[in-house]
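Spelled out, the chains give:
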Amino acid sequence: MAKITLYGPREVPFVLKVELALALKKLDFALEEPQGPEDFRRWSPETGLLPVIDVDGTRVHDSSAILDFLDERFPEPPLLSSDPKLASSQRTLESWAEESFRFYWMNYLR
């Protein structure tokens, strides 16, 4: 059984996206929520952005990259269609939704 830790504030939609993927794959994980800015820098030294996931010592940043990593490491059930054309459309939709949401989320935070 893999040791999985997800780092990020529960109320952030990008963290929720990863939580839902972990739940779909029925993977046990621990959620570590930041207590201050030092946690952001410690858990994600390159960008300071969360979520970050640690799976048996391998850290992956960015919610979309995390989902790709989870699908590669834990293929069942898959997060994307086995049809390459449909999988490409799913990735495009995810990218559009993430970028659109990021715009509104950043405006909300201001």
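Look above for the structure.
Colleague: I tried to follow a nonpolar patch on the surface on my own but got confused; where do I start?
Modeller: On the surface, a nonpolar cluster with roughly 360 Å² of combined accessible area is contributed by Met 106, Tyr 108 and Leu 109. Tracing the sequence through the fold places Tyr 108 in helix 4 (residues 84-109).

Colleague: Would you mind going over the sheet that holds strand 2 (residues 30-32) with me for this structure?
Modeller: Pairing between the strands of a sheet is mediated by backbone hydrogen bonds and can be parallel or antiparallel. The four strands are arranged 2-1-3-4 in an open sheet whose pairing can be described as mixed. Among the strands making up the open sheet, the edge pair consists of strand 2 and strand 4 (58-61). If you compare each strand with its neighbour and ignore which way they point, the axes differ by 20° on average. Two strands pair when backbone bridges link them, and strand 1 (residues 4-7) and strand 2 are joined in this way by three bridges, in the parallel orientation. Residue pairing across strands places Tyr 7 opposite Glu 32, the latter belonging to strand 2.

Colleague: Help me understand the environment of Gly 48, please; the structure alone is not making it clear to me.
Modeller: On the secondary structure map, Gly 48 appears in the loop between helix 2 (37-43) and strand 3 (52-55). Expressed as a C-alpha distance, the spacing of Gly 48 and Leu 22, which sit 26 residues apart in the sequence, is 22 Å.

Colleague: Which parts of the structure should I look at to understand the pattern of salt bridges?
Modeller: Side-chain pairing between opposite charges can occur once the charged atoms of the two side chains come close. On inspection of all chains with the given rule, the structure shows seven salt bridges. Across the salt bridge formed by Glu 19 and Arg 10, the nearest N and O atoms sit 3.3 Å from each other. For Arg 10, a relative accessible area of 46% translates into the label partly exposed. Ionic pairing is found between Asp 56 and Arg 73, a salt bridge with its closest N-O pair at 2.9 Å.

Parameters at a glance
Residues numbered from 1 in each chain as written. Predicted model: local features only at pLDDT ≥ 70, side-chain atom pairs only at ≥ 80, totals over all residues. Heavy atoms only, no water. Patch = residues over 30% accessible without salt bridge, like charges linked within 9 Å, V, L, I, M, F, W, Y side chains within 5 Å. Areas by Shrake-Rupley, 256 points an atom, 1.4 Å probe, with all protein chains shown as cover. Salt bridge = Lys/Arg side-chain N within 4 Å of Asp/Glu carboxyl O. Helix = DSSP H or I, 4+ residues; strand = E, 2+ residues; numbered from the N terminus. Pairing = 2+ DSSP bridges. Axes fitted to C-alpha atoms, helices over the stretch in contact; angles between N-to-C directions. Buried < 20%, exposed > 50% of the residue type's maximum accessible area, 1.4 Å probe, protein only.

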